[in-house]
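Descriptive structure summary
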Amino acid sequence: METRAAIREEGIPAAPPLFELRDVEFAYGGRTVLSLRHLAFPQGAVVGLVGPNGSGKSTLLKLLALLLAPTRGQLLYGGQVAAGREGELRREVTLLLQEPFLLKRTVFENVAYGLRTRGLVEGVSERVEEALSLVGLSPKRFASRQWYQLSGGEAQRVSLASRLALRPRALLLDEPTASVDESSALLIKEAVVAASSEWGTTLVVATHDLVWLHEVATDVVSLYRGRVAGHGAENLIQGSWVLDPAGGLRRPLADGQWIRALGPEGSDEPPSVGILGPSDVTLATEKPSHLSAQNLLQGQVTHMALENGSGRVLVSVNVGGLLLKARVTPEAVLSLGLHPGLEVWAIFKATALRWL
Ligand SMILES: Nc1ncnc2c1ncn2[C@@H]1O[C@H](COP(=O)(O)OP(=O)(O)OP(=O)(O)O)[C@@H](O)[C@H]1O
C-alpha cells in the first residue's frame, strides 16, 4: 500500500518525505514525553510546530536534528532509516536554538566555522557575506566584530547566518524570535523564508508566533502532551471541564458564558483538553434565531491572518478571554464585513469537540 501511495499517477515515483516518523516514542529517564504514530515532513515544506509549554516541540526538533534518538520506532530521512547515518545527515540538517550560541570569536569566524569544518576552502568569504546580508547584517560593519560586541538580536542573527551559510537541506528552528526585538524578529523571519524559496530548504519551526506561522507554513502540527492534536490551527481548550447538569460537559468562560461538549465515551473523569477544529466554528454578525448547534458564544474579532496552506482566513475571536480561531473563506470575510474589533457570534456543535 505504502509503495503504491508513493507512486504518482503518471508513474513517476514521488519524492519521499525529508523526515518521516513511524510509531516514534521518546522518553527522558523512563518518562515518555513524545508519542507520535505517524508524522511526515515533505521536502521543501514549511512546517510549524505549535503547542503549549512542555508539549514536546523542542524534543521533536532534537530528534529531527539527530541529536536525540527515538526510544522506540523509526525516524526516516529521505525515505531511509536515519539510525547509523547520523554523522552524514548532521551535515544537511541544522538546528537553531532559542538562545544564540556563539563561539568566542569574530562574527566572520562564527559564520565561517561550519563551512570550514565541512571542508569548504574556496568561496568561504562570499558565503559568509551572503549569509550575513540575508539576516540584515552588513558584512562591512559586522564581520570583524567580536561575539561580545553584539546585542541579543544581532547575536541570534549571527547564529542564524552561521546555519544559512551551510545552505542546509533542513533548517530546524526552536522559537527563533522568542527573545529578540521586533526588528530582529522580522529579519529572522524574512531570512528563513528566503532560504526556503531560494534553496528549497525544508523548514520546521516551533513558535508561538501564530500569525506569522499561518502566513508562511504549508502545514502546522499542533502538539499536546507529546501527541499530535491535529494539523492546522486547532483550538486547544484546556482546563476546568465539569459535568453539565443538563448532560455532557461544560467549561466556564471568564465572562459567564459556557462552552458545552459531549464527554469522551467510557470515561468517568472530566478530560483536561478539548480539541476544536477551526473549520467547525462558524461566525455570524447577528444572533441566529434558529440554532441546532449548542454553542453560541459572543465575542470580538481580535485578528485575522491568511492561512498559507488552505487559502482561507483564520479569524481569532476573543470569547470570554479565550481566543477561538475560526477558518473562513475570503468571500465570507467580505460578506460578513469581518474586521478586528467587530462583535460576532461564534457557533459550533457540542459534538465538534474531540478529546486527546
Ligand atoms: N533534558 C530533559 N530531561 C528530562 N525531561 C525533559 C528534558 N527536556 C524536556 N523534558 C520534558 O519533556 C517534556 C517536553 O519538553 P519540550 O522541551 O520538548 O517541550 P516544548 O513544547 O518545547 O516546551 P517549551 O514551549 O516550554 O519549550 C516536558 O515535560 C519537559 O519537562
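Residues numbered from 1 in each chain as written. Predicted model: local features only at pLDDT ≥ 70, side-chain atom pairs only at ≥ 80, totals over all residues. Heavy atoms only, no water.

Taking an unreviewed UniProt entry as the reference, the protein chain is identified by name as ABC transporter related protein belonging to Aminomonas paucivorans DSM 12260.

**With respect to the site of the ligand**
Contacts to the ligand come from Y28, R31, V33, P52, N53, G54, S55, G56, K57, S58, T59 and E175. A distance of 3.0 Å separates an oxygen atom of the ligand from a polar side-chain atom of N53. Between an oxygen atom of the ligand and a main-chain N or O atom of G54, the distance comes to 2.8 Å. With the chains in place, 61% of the 630 Å² that the ligand exposes on its own is no longer accessible. Looking at the shell around the ligand, the elements that each hand over two or more residues are β2 (31-41) and α2 (57-64). No other element matches α2, which puts three residues into the shell around the ligand. Of the residues assigned to the shell around the ligand, the class counts are three nonpolar, six polar and three charged. (Near = heavy atom within 4 Å. Polar contact = N/O pair within 3.5 Å; in protein donor to acceptor, adjacent residues only side chain to side chain. Areas by Shrake-Rupley, 256 points an atom, 1.4 Å probe, with all protein chains shown as cover. Helix = DSSP H or I, 4+ residues; strand = E, 2+ residues; numbered from the N terminus. Nonpolar A, V, L, I, M, F, W, Y, C, P; charged D, E, K, R; others polar.)

**A word on the UniProt feature "domain: ABC transporter" (unreviewed entry) in the protein chain**
Sequence positions flagged by UniProt for "domain: ABC transporter" (unreviewed entry) are, in local numbering, residues 19-250. Taken end to end, residues 19-250 is 33% helix and 29% strand, and its two terminal C-alpha atoms sit 39 Å from one another. (UniProt positions renumbered as here; feature names shortened; annotations may be inferred.)

**Things to note about the side chain of T207**
Residue placement: T207 occurs in the loop between β8 (202-206) and α9 (210-216). Of the polar contacts made by the side chain of T207, one reaches the backbone nitrogen of D209; its length is 2.9 Å. With near-sequence residues (within four places) excluded, T207 lies in contact with L49, V50, E175 and L213. (Contact = heavy atoms within 4.5 Å.)

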